[in-house]
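Chain by chain, the residues run as shown.
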Amino acid sequence: MTTTATTTATTTATTTGSTTTGSATAARTTAVAGPPARSLRPLVGVLAATAVSLTGTRVSAIALPWFVLATTGSATMTGLVAFAEMTPYVLVKALTGPLVDRLGPRVVSWTTDAVSAVAAGLVPLLHALGLLPFGLLLAMVAMIGAMRGPGDLAKSVMVPEAADHARMPLERATGLSGVTERLASTIGPAVGGGLVALMGPMAGLAVNAATFALGSLVIALALPRGMGRSAAAPEARVSAGAEEGPGKEEASGAEETSGAEQAEPAGYWRMFREGFTFLRSEPLLLTVIVMVGITNLLDAGFITVLVPVWARESGGGPAAIGLTGSVLGIAAVAGSLIAAAVAHRLPRRTVFFAGFLLAGAPRYIVLALDAPMWVVLTVFAIVGFGSGFLNPILGAVLFERVPRQLLGRVHALGDSLAWAGIPLGGLLAGAAVALVGLIPTLVAGGLLYFATTNFAGLRPEWRTMDSRRPEPTEAAPAAPAQPEPVAAGS
């Protein structure tokens, strides 16, 4: 499942106070220049690149675990490969938030995808040459994970700006992003299962390399060069614009001095600290991160270890993995499409917890019961439909609460904290299967998932999830109210 994180008045004043004058200048500049013309190109470009790269990742999610499981026969080593990929993913993603804000998400996205393409392409090449020992495989997988983290972050950060260009509600834009992810989750497993069954797992890894390369080209060539820069460096950009614009003669000497000071970019650790301070200030944010962190850990073990082991023991093989993933993805696309159309009219909290109720425990239990394939597919369709409503709600709450100039670092930290358990998910699942067997592990995982998602909903912080606020932009600082956070998840 893909489940994709805040402020008090004091925090807002603290973390964004250094940008207030520049923001006011931006507001005057925007008023003179007028709103930009409506354009769908940025949104289409971001969604296309996301679809391409995620499709390859989903193919690899079948090919790589099956390759390790088939060559070693060890669920523990399969979990170790997942650990090697997701640990650098989480760590690097946490640390690159300020760089995304400084350099701009467009540059970060296409460069990291290009490096991922090279690393992913070396895996089947070295295997064909007989030069791929297990240690080197772990190193290459770690490189891919380290590049995927900032690449995924950068694409996500560009969604609200692309929605602004398209003049589209955030729930609809994040809903379309969710549809894109679900389509990738539908096409990827189908392609991955077929490739692995017909041509072997190395073919799937070669496809992964090609999709990374294509995604890099889409971002580099299709998106406007200034994409993300308004979020990355609003003060410097606005100061330059104010000096050249028609309102220059109205600026006072103090304003000009302040603008010159703000044109100097903040240091890395100051930017990182601002994001961390902003992130830790909200009780709801911490609740969501803890809840999604636990479910992400469970999901990681389920996808990377439990499903492949179930497929092997049931006799379904990689085709069964692809079929269940595709059915889940098709249903999730339907859920995401409905969410994109109507989520902005629905009570967020009710839909959120209903979605988790459907998307969590049922898939664990149906595999544990050794049910016929048609029952498994029916349950996975219900799971997918429920999960389709989660990301549009979470993404909308995040993007409308966090000021754009802080979005990269706040999003990176929130994602990384919520994803912190993912590297351990495969290891713990593999160890549990080796210790007690598949069925007890599935039952325990389903019960823990149910308890986590239901008990968390009893906390009072969730009541404020439905309060909608205008989206913060670089033209104005966040309002001195108490908006609620949203977690970033897997």
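Nothing here was measured: the structure is a model prediction, and the numbers come from that model. In this numbering scheme, every chain counts its residues from 1 along its sequence in written order. Owing to the predicted nature of the model, reporting of local features is limited to residues with pLDDT of at least 70; listing and counting of side-chain atom pairs is limited to 80 or more, with chain, interface and lining totals taken over all residues. The basis for the side-chain values is all heavy atoms of the structure; hydrogens and waters are excluded.

(A) Here's a closer look at the overall build of the protein chain. Each helix and strand in the protein chain was counted, giving 22 helices and 0 strands. By residue count, 57% of the 490 residues in the protein chain fall in the buried class. On the protein chain, roughly 18700 Å² of surface is accessible, and the fraction owed to carbon and sulfur atoms is 71%. Only DSSP runs of H or I reaching four residues or more are called helices, and only runs of E reaching two or more are called strands; each is numbered from the N terminus. Using a 1.4 Å probe on the protein chains alone, a residue whose accessible area is under 20% of its type maximum counts as buried, one over 50% counts as exposed, and one in between counts as partly exposed. Per-residue and other accessible areas follow the Shrake-Rupley method at a 1.4 Å probe size, with only the shown protein chains counted as cover for residues.

(B) Representation of the side chain of Thr50 in the model. When you line up the elements, Thr50 lands in helix α3 (residues 41-72). Other than its neighbours up to four places away in sequence, Thr50 contacts Lys155 and Thr180. By definition in these notes, contact holds between two residues if any of their heavy atoms fall within 4.5 Å.

(C) Just unusual backbone geometry, in detail. One non-glycine residue with positive phi stands out, namely Asp370, at about 55 degrees. Positionally, Asp370 belongs in the loop between α17 (361-368) and α18 (373-387).

(D) Structural detail: the packing of α3 against helix α4 (residues 75-95). With axes taken as lines fitted to C-alpha atoms, and helix axes fitted only over the stretch in contact, angles between N-to-C directions fall between 0 and 180 degrees. Relative to each other, α3 and α4 sit at 145 degrees, their axes nearing to 8 Å. As α3 packs across α4, the resulting crossing turns out to be right-handed. Contacts between α3 and α4 involve Leu64, Pro65, Val68, Leu69 and Thr72 from the former and Ala75, Met77, Thr78, Val81 and Glu85 from the latter. Note that Gly is not counted as nonpolar here; it falls among the polar residues with everything else outside the nonpolar set of Ala, Val, Leu, Ile, Met, Phe, Trp, Tyr, Cys and Pro and the charged set of Asp, Glu, Lys and Arg. In terms of residue class, the contact of α3 with α4 is made up of 7 nonpolar, 2 polar and 1 charged. Crossing handedness follows the turn of the near helix against the far one: under a right angle anticlockwise gives a left-handed crossing, and clockwise gives a right-handed one.

(E) Spotlight on the pattern of salt bridges. Take a side-chain nitrogen of Lys or Arg and a carboxyl oxygen of Asp or Glu: if they are within 4 Å of each other, that pair is a salt bridge. The tally for this structure, following the rule as stated, stands at 4 salt bridges. Salt-bridge contacts for Lys155 lead to Asp113; the nearest nitrogen and oxygen are separated by 2.8 Å. Linking Lys155 in helix α7 (residues 134-166) with Asp113 in helix α6 (residues 105-128), this pair joins segments that are 42 residues apart in sequence. Note on accessibility: Lys155 and Asp113 belong to one class, buried. Across the pair Arg363 and Asp299 runs a salt bridge, and its minimum N-O distance is 2.4 Å.

(F) Local environment of the confidence of the model for the protein chain. As a per-residue quantity, pLDDT reports the predictor's confidence and falls between 0 and 100. Looking at the protein chain as a whole, its pLDDT mean stands at 73, while 76% of the residues score no less than 70. When the elements of the protein chain are averaged for pLDDT, helix α1 (residues 9-16) gives the smallest value, 33, and α17 the largest, 91. This stretch, residues 230-263, has a pLDDT under 50; its non-local contacts, to residues over four places away or in other chains, come to 39 contacts.

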